[in-house]
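Geometric and topological summary
Residue strings, one per chain:
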Amino acid sequence: MNRIPESINTLFWEYEPETLSLEQDRDLIIGRVLSSAGWDSVKWLRSEFTDSELRDLILRSKGRSLSPPRLRFWELMLDLPHFQVSEWLSETGRRIWDGRATFHCLLASPDDIACMKLSAIAQRGSKKDFID
């Protein structure tokens with residue numbers, strides 16, 4: 001039984017990685033690596049599966065597990081039909097989830113953090129205010 005490399009075990013946190021098989025869990029492994037893994041893992045995936053196999057999975061799933069930027073990347077790499085990918089991305093149900101993927105969290109600037117620290121110290125001055 002072919003096993004997945006240890007470097008991608010974290011993608012399968014809900015499974016026992018040693019029980020995953022490249023043959024039996026093919027769609028799961030391909031989907032997770034294409035949607036969430038880094039370049040080294042993608043290179044490993046492409047050494048185990050043909051581009052045709054990767055393409056077929058994306059076409060069957062309509063790219064559902066892929067973010068819009070990743071889907072566009074694989075559109076170019078695997079020669080997926082542009083009109084079809086655009087159609088998938090414009091589906092109403094998909095756009096609901098894509099908004100979540102593109103949400104950006106704004107962080108406070110160092111000056112703002114310093115002001116918050118000084119305010120906390122001035123108001124109650126406990127030990128935890130001095131430690132980050």
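Source: prediction; values computed, not measured. (Residues numbered from 1 in each chain as written. Predicted model: local features only at pLDDT ≥ 70, side-chain atom pairs only at ≥ 80, totals over all residues. Heavy atoms only, no water.)

Counting its secondary structure elements, the protein contains seven helices and zero strands. Of all 132 residues assigned to the protein, the portion counted as buried reaches 28%. Considering only residue pairs separated by 6 or more positions, the protein has 40% of its internal contacts joining residues 24 or more positions apart. For the protein, the computed accessible surface area is about 9200 Å², with 57% contributed by carbon and sulfur atoms. (Helix = DSSP H or I, 4+ residues; strand = E, 2+ residues; numbered from the N terminus. Buried < 20%, exposed > 50% of the residue type's maximum accessible area, 1.4 Å probe, protein only. Contact = heavy atoms within 4.5 Å. Areas by Shrake-Rupley, 256 points an atom, 1.4 Å probe, with all protein chains shown as cover.)

The next thing to look at is the confidence of the model for the protein. For the protein, the mean per-residue pLDDT works out to 81, and 80% of the residues sit at or above 70. Confidence, read as mean pLDDT per element, is least for helix α6 (residues 92-101) in the protein (62) and greatest for helix α3 (residues 51-61) (93). (pLDDT = per-residue confidence, 0-100.)

We now examine a nonpolar patch on the surface. On the surface, Trp39, Phe73 and Met77 cluster together into a nonpolar patch covering about 300 Å² of accessible area. Secondary-structure assignment places Trp39 in helix α2 (residues 39-48). Overall, the relative accessible area of 46% leaves Trp39 in the partly exposed class. (Patch = residues over 30% accessible without salt bridge, like charges linked within 9 Å, V, L, I, M, F, W, Y side chains within 5 Å. Salt bridge = Lys/Arg side-chain N within 4 Å of Asp/Glu carboxyl O.)

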